[in-house]
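Secondary and tertiary structure notes
Here is how the chains run, residue by residue.
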Amino acid sequence: YIPSPSVIISYICKYFSVEEDVLRGQRRGRNEVNARQIAMYLIRRMTNLSLNDIGKEFGDRDHTTVLHACRQIRKLRDTDGVLREDWDKLYRKLTE
C-alpha cells in the first residue's frame, strides 16, 4: 500500500493539530515547520513523486526547499528523540 500525498498530508495535519492550508502555506511556527518537513520527507520516502512535484503540493515550493526538509528530518531523527518517536508512529501508521 502506497498512500497518496493527500492522505499523508491529512494524517500529518491531524497528528500535529495543524490545518491543511497552514501546512501547505507559508507560516513558519516551529510546529508548522516540523509538520511540513516531516510531511515532505514522508511523501518523498513513500511515493515516487519528484522533488518538484512534492514542492507543488506545498504551495509551489522550490525543489531545494523539499531537499532541505528531507535532509533536516533525516538529521534530526538521529539526534532528537521526540522527533524520532513522532516519525516512527507516523511511518508505522501510514504503512499499515
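Anything mentioned here points back to the structure above.
For clarity, every value in this text was computed on a predicted model and none was experimentally measured. (Residues numbered from 1 in each chain as written. Predicted model: local features only at pLDDT ≥ 70, side-chain atom pairs only at ≥ 80, totals over all residues. Heavy atoms only, no water.)

Looking at the layout of surface pockets
Definition in use: The way it works is a 1 Å grid over only the protein atoms, where trapped points that fit a 1.4 Å probe form a cavity and open points with protein on both sides within 12 Å along at least five of seven lines form a pocket, and then any residue with an atom within 4 Å of a point lines it. Grid points are joined across faces, edges and corners, and a volume is the space filled by probe spheres set on the points. Residue classes follow a fixed rule: Ala, Val, Leu, Ile, Met, Phe, Trp, Tyr, Cys and Pro count as nonpolar, while Asp, Glu, Lys and Arg count as charged, and any other residue, Gly among them, counts as polar.
In this model, the largest pocket occupies a volume close to 260 Å³. Together, Q26, R27, R28, V33, R36, Q37, M40, R61, T65, H68, A69 and Q72 line the largest pocket. Looking at the lining of the largest pocket residue by residue, the classes come out as three nonpolar, five polar and four charged.

Focus: the packing of helix α1 (residues 5-16) against helix α3 (residues 30-46)
To keep things clear, this is the line we draw: Structural elements are reduced to axes, namely lines fitted to C-alpha atoms, with helices fitted over the stretch in contact, and the angle between N-to-C directions of any two is expressed from 0 to 180 degrees. In this text, helices come from DSSP runs of H or I with a minimum length of four residues, and strands from runs of E with a minimum of two, each type numbered from the N-terminal end. Throughout this description, any angle smaller than 35 degrees is read as roughly parallel, any larger than 145 degrees as roughly antiparallel, any in the 65 to 115 degree range as roughly perpendicular, and the remainder as oblique. Less than a right angle of anticlockwise turn of the near helix away from the far helix marks a crossing as left-handed, whereas a clockwise turn marks it as right-handed. Two residues form a contact once any of their heavy atoms are found within 4.5 Å.
Their axes nearest at 10 Å, the elements α1 and α3 cross at an angle of 150°. One element, α1, and the other, α3, form an angle in the roughly antiparallel class. The way α1 lies across α3 gives a crossing that is right-handed. Touching P5, I8, I9, I12 and F16 of α1 are N31, A35, I38, A39, L42, I43 and M46, all from α3. Here the contact of α1 with α3 is composed, by residue class, of 11 nonpolar, one polar and no charged.

A closer look at the side chain of E32
Where we set the bar: The buried label applies to any residue whose accessible area, calculated with a 1.4 Å probe on protein chains only, is under 20% of its type's maximum; exposed applies above 50%, and partly exposed to all values in between. Under this definition, polar contacts are N or O atom pairs within 3.5 Å; protein pairs additionally need one hydrogen-donor-capable and one acceptor-capable atom, and for neighbouring residues in sequence, both atoms have to be side-chain atoms.
Residue placement: E32 occurs in helix α3. Taking the relative accessible area as the measure of exposure, E32 reaches 11% and is therefore buried. In this structure the side chain of E32 is engaged in a polar contact, spanning 2.9 Å, whose partner is the side chain of R27. Among residues more than four places away in sequence, those in contact with E32 are V18, V22, L23 and R27.

Focus on the packing of aromatic side chains
Convention followed: Between 30 and 60 degrees the pair is tilted, below 30 it is stacked and above 60 it is edge-to-face, where a pair is any two Phe, Tyr or Trp rings, Trp via its six-membered ring, whose centres lie within 6.5 Å.
A full pass over the atoms with the stated rule returns three aromatic pairs. Members of the aromatic cluster, joined through ring pairs, are Y41, W87 and Y91.

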